[in-house]
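Architecture at a glance
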Amino acid sequence: MTTGSIEQSERTSLEPPVTSTLLLDWVSTLDHKRIGIMYILTAVFYLAIGGCEALLMRIQLAMPNNTFLSPEMFNQLFTMHGTTMVFLVGMPVLTGFGNYFVPLMIGARDVAFPRLNAFGFWMLFFGGLLLHFSFLTGSAPNAGWFSYVPLSTKAYSSLQGVDYWIIGLLIMGIGTVSGAINIFVTIICMRTPGMSLQRVPLFVWMMLMQVILIILALPALNSALSMLLIDRWLGSAFFDPTRGGSAVLWQHYFWIFGHPEVYILILPAFGMISEVIPVFSRKPIYGYTFVAASSVAIVLLGYGVWAHHMFAVGLGMYADIFFAVGSLLIAIPTGIKVFNWTATLWGGEIRFNTALHFAVAFLLQFVIGGLTGIMFAAVPIDWQLTDTYFVVAHFHYVLIGGTVFSLFSAAFYWFPKMTGRMLNERLGILQFWLWVLGFNMTFMIQHFLGMMGMPRRVYTYADNPGWALLNGISSLGAVFMAIGTLIFLWNIGTSLLRGKVAGDNPWDAFTLEWATTSPPPPENFTVIPEVKSRRPVWDLNHPKNADWKTEKTPPDKGIRPNMAKLAAWSFIASEAVFFLLLLIAYVVFNTRSGEGAVSSSVLDVERTGIFSLFLISSSVTFWIAERFLRAGKKSAFVFSLGLTILLGITFLAGQVWEYTGLLTNNITINTDLFSATFFTVTGFHGIHVTAGVIALFVMLMMGIKGNLTPGKSHVFGAVGVYWHFVDVVWLAVFGIIYLGLLQ
Amino acid sequence: MSSYFDLTSELWKWNSPIWLLVLSLTGLYFLFHRGTSGKRSVAFLFAMFALAIAYISPIGVLSDGYLFSAHVIQHLILLLIVPLFLLLSLSESATEALFSHPFMNRLGRVMAVPFVGWLSGLGVMWFWHVPSFCNASTENYALGVFRDATFLLAGLAFWWPIFSPVKRFHLPSSLAVVYLFSACLGCTLLGIYITFTVISVCPAFANPVDRLGIMHFLYDQGLTPATDQRLGGLLMWIPPCSLYVCAIMVVLKRWYAEMEQTASPKTAGTTSSLREARQ
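This part is about the nonpolar core. Counting residues in each nonpolar core, the largest one holds 306 residues, and the members touching the most others are W414 of chain A together with W159 of chain B. If you tally residues by element for this core, the top one is helix α7 (residues 202-234) of chain A, at 23 residues. Apart from residues lying up to four places away in sequence, W414 of chain A is in contact with F97, F101, M105, F203, M272, E275, E513 and W514 of chain A. Formed by 14 residues, the second largest nonpolar core is a distinct cluster that contains L61, L69, F74 and V392 of chain A.

All right, on to the confidence of the model for chain A then. Residues and elements named next belong to chain A. Residues with a pLDDT of 70 or more make up 96% of chain A, whose mean pLDDT is 93. When the elements of chain A are averaged for pLDDT, helix α1 (residues 3-14) gives the smallest value, 45, and helix α14 (residues 425-451) the largest, 97. Across residues 1-14, where pLDDT falls below 50, the model places 17 contacts with residues more than four positions away in sequence or in other chains.

This next bit is on the environment of F339 of chain A. Residues and elements named next belong to chain A. Mapped onto the fold, F339 is located in helix α10 (residues 317-345). The class of F339 is exposed, set by a relative accessible area of 64%. A C-alpha to C-alpha distance of 39 Å links F339 and V458, two positions 119 residues apart in sequence.

This part covers a nonpolar patch on the surface. All names here are of chain B. Nonpolar side chains collect at one region of the surface, where V110, V113, F115, V116 and L119 lie side by side and expose about 420 Å² of accessible area between them. In terms of residue count, the dominant contributor to the nonpolar patch is helix α8 (residues 114-127) (three residues). Here V110 lies in helix α7 (residues 102-112).

Within this structure, the stated rule accounts for eleven salt bridges over all chains. Note that K557 of chain A and E258 of chain B form a salt bridge whose closest N and O atoms lie 3.2 Å from each other. Of this pair, K557 of chain A sits in the loop between α17 (547-550) and α18 (563-590) while E258 of chain B sits in the loop between α14 (225-256) and α15 (265-278), on two different chains. For K557 of chain A, a relative accessible area of 36% corresponds to the partly exposed category. Residue E258 of chain B is classed as buried on the basis of its relative accessible area of 17%.

Every disulfide links exactly two cysteines, by a covalent bond between their sulfur atoms. All names here are of chain B. Applying the stated criterion across every chain, the model contains two disulfides over all chains. At a sulfur-sulfur separation of 2.1 Å, the disulfide partner of C134 is C202. Taking the sign of the S-S torsion, -105° for the link of C134 and C202, the bridge is left-handed. Highlighted residues: C134 in helix α9 (residues 131-139) and C202 in the loop between α11 (173-196) and α12 (203-206), separated in sequence by 68 residues.

Residue and element names in this part refer to chain A. As for its placement among the helices and strands, M563 is situated in helix α18. Overall, the relative accessible area of 28% leaves M563 in the partly exposed class. Sequence separation between M563 and N707 is 144 residues; the distance between their C-alpha atoms is 19 Å. Filtering out sequence-adjacent residues up to four positions away, M563 remains in contact with A112, F113, V185, C189 and M190.

Let us now look at the interface of chain B and chain A. With 34 residues of chain B in contact, the opposing surface of chain A contributes 47 residues. Here chain B and chain A share an interface that buries about 3500 Å² over both sides, 77% of which is from carbon and sulfur atoms. The interface formed by chain B and chain A contains one salt bridge. Scanning the region where chain B abuts chain A turns up two residue pairs in polar contact (both at pLDDT 80 or more). Listing elements by their share of the side of chain B that touches chain A, those giving two or more residues are α11, α14 and α15 of chain B. Here the side of chain B that touches chain A takes 14 residues from α14 of chain B, the largest share from any one element. The residue makeup of the side of chain B that touches chain A, split by class, is 23 nonpolar, eight polar and three charged.

Residue and element names in this part refer to chain A. Axis separation between helix α21 (residues 634-664) and helix α22 (residues 673-704) bottoms out at 10 Å; the angle between their running directions is 155°. Classified by the interaxial angle, the pair formed by α21 and α22 is roughly antiparallel. The way α21 lies across α22 gives a crossing that is left-handed. Split into classes, the residues belonging to the contact of α21 with α22 amount to 19 nonpolar, ten polar and two charged.

Rules behind the numbers
Residues numbered from 1 in each chain as written. Chains lettered and ligands numbered in written order. Predicted model: local features only at pLDDT ≥ 70, side-chain atom pairs only at ≥ 80, totals over all residues. Heavy atoms only, no water. Core = buried A, V, L, I, M, F, W, Y, C linked by side-chain atoms within 4.5 Å. Buried < 20%, exposed > 50% of the residue type's maximum accessible area, 1.4 Å probe, protein only. Helix = DSSP H or I, 4+ residues; strand = E, 2+ residues; numbered from the N terminus. Contact = heavy atoms within 4.5 Å. pLDDT = per-residue confidence, 0-100. Patch = residues over 30% accessible without salt bridge, like charges linked within 9 Å, V, L, I, M, F, W, Y side chains within 5 Å. Areas by Shrake-Rupley, 256 points an atom, 1.4 Å probe, with all protein chains shown as cover. Salt bridge = Lys/Arg side-chain N within 4 Å of Asp/Glu carboxyl O. Disulfide = S-S within 2.5 Å. Buried area = accessible area lost by both parts, 1.4 Å probe. Polar contact = N/O pair within 3.5 Å; in protein donor to acceptor, adjacent residues only side chain to side chain. Nonpolar A, V, L, I, M, F, W, Y, C, P; charged D, E, K, R; others polar. Axes fitted to C-alpha atoms, helices over the stretch in contact; angles between N-to-C directions. Parallel < 35°, antiparallel > 145°, perpendicular 65-115°, else oblique. Left-handed = near helix turned anticlockwise from the far one by under 90°.

Have a look at this one:
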């Protein structure tokens, strides 16, 4: 697909809409700005649901021994509140802002893959719907947002709630990873000339870090969800300790995803704050490189400290010490940023409007959330406070005090660009104070409740001294936040109708999105300003004080990798993590001291070895086909590609043969842990080979019809990246399962 | 219960042959690097100090068949610390002169291929922890010396694309970040495996021969073979990764300072041609 055709389709969609086609226009849109707005609206819709769930819980907890909600209902509410807020509010709203503003801020006319972008959104949308259908069955998920096993296994959660949870999250996960790959490729490949990666606005940089986290962390969740689904539906025992499975493994896998998830939710918020504070201080950000580089450190360290969520499990003293130190290290890059933002404000010509109000509140509240985070890195404190309201207070200070406040800040900052109208400042300040008051009432109090020993996730509590009053205050605070939100929605509504007209750049801001009209046209820009520094629009509007005259930044070398190949590489990076975790599960469950490999007694290693050769040689024939394509030799290309497909199918036939043999010998996925891990790993690999064969077949048809010209060899190359990856994975599978390496 | 101080004489091995290597390297360095900057000399002295510590201190003594975790520390010093500081200690001009020779230039270029360095660094880490090799190299002195030599050489190869004194051998920054991050992933996997596996990765450490009579002391400290292996796995996992993250920070610092091409007409040409292509 070409960008041109999309622009054309968008232009036609701009003609005065008849009401009946307006909906169709939005539903079928490929414009990143509209998709961005749809992401944000979806998030607002689910915010209303998740918020109501929170209000119901706070009503229940407002007084001791309350019977407003049943315990079962309470479990469903806190599970759905957590899941909704993380997956259907936090991630979509950030992705929405990213979708809308990343292309504008890098001077691109569109995203790299508009159709993939729309696909990602609709997967998320329908995944969310599916998750909420569970309410109609009468049993919404009720095992907590991290669905710890064995509680979430069939034996303890026999209704469909958890199944909806798993499938909903899997579908949303596919959408999220697709969206992340799209943003990643857009930032790397579609920057306007002059916009080196060292000059991108910090929001773009943070989005880049965020999508890297999504691409590499989400597959950990997907692998855990797959195993849980197989446990529940096919009767295997990955997570059933009574049959040799491991409950702790679920915790490891969940938190390998779950901890980076925190940074997925907070890094874009850092980016928003890094845009708002400089603009309203009339200064460039203090220490751009520090802020950018420290977020790289956060991303890297974020992968290595998941086990601090598991101190109470009993990992052993040494593991506790190492993970505690690793977690404490993250305070350094995070702390640096707070100083950067403060120093940016220092001596600035401050315009203290609503956006900056929220940004400053962010700074203070995020510091509190960060400090309690450091407390939790200390193992003994964690042991004392884990599963109390102190934890609830801590992560709400990070996710509301941090992320939500920065989102409000960004909303006031960017609303004029998105709609052409200004939001009402007076209503904004009113909303701000309601939120500051309400938020701190609700959650500051919970620190004390946690210290007093009030456990989280329990539907009511006894009338212990002081608890009733504190819980009452906490519940009252939630009402303030709810009113604040209603005022915000009212503000949006009235401003859309009769807000002050914004103009292109009402804030005299610095980055490229302000160089176009408000709202921007479908093609984003008529003219893209020259980029010679980190603040191109400032340079344009203040040529005498242009940044590039005083501060040199690394110039653009013009490197823009091929989009298709980069997308393929980022996709297989994600897939690699998925397979890696499945293989680790295999090793965990099949390594028993002194027993040797179970696989050797069950599997026909030689036969599979021969079929493996077919698969490996298909990589060679693919490589040859690619050469022929580039050389323009059509028939030779078609022949060698056909051969590749044939070799792939032969391999699959070998796998069917092997499966048939095992199944006739009554070795099925629920026999034992060997068979469970074996069928899961090889089964997923088989699905990947099948998908590869289909992709190759499409390529073959295109080749025969003459649609695959040497000029499009990079598209074929991208499919090749995937095909070779599938082969490499098989080498690892063969080595570990069939040859018993690592056992 | 005996304490560390009662065992000082047993735990330090002052007569280690490593002094020969340290002294000869020091001699060579100051012969060829006369008048080198203070910073580089400090880096060199630190490399030599680390090298000596790896053998004469309790790390060296205990890694000789007693503690797997001590062996991991020694291994990390040899693979990551000593080569890194050796590279940092070399002056740019002297090394440039050396690598201007066609053969040396080719060698430098081969070492700058990221796959070579990555595979050497990760390869020796994984290879020497296959149980049979780990065992053999602990029990056989000559093989142990060979193993340590491969650590040093592989370490040089690993750091070369990042910290080579000759800038033209450096990896581009984005690749360097991927290089270091994936290396971190590699040692994380090995670390996880060693930490959590029920298999004895290096059986020689599971049943040590108590030459020095310190076994009781170690067990009293809680360093039983299972704990010892877990500690070894964690050491293999988190300190190298932290070091790689620091190296990534250095790479990023360099990346943000990439200013010299500003005036280059070639770059300006690329940029404007890209702009034209877009328009």
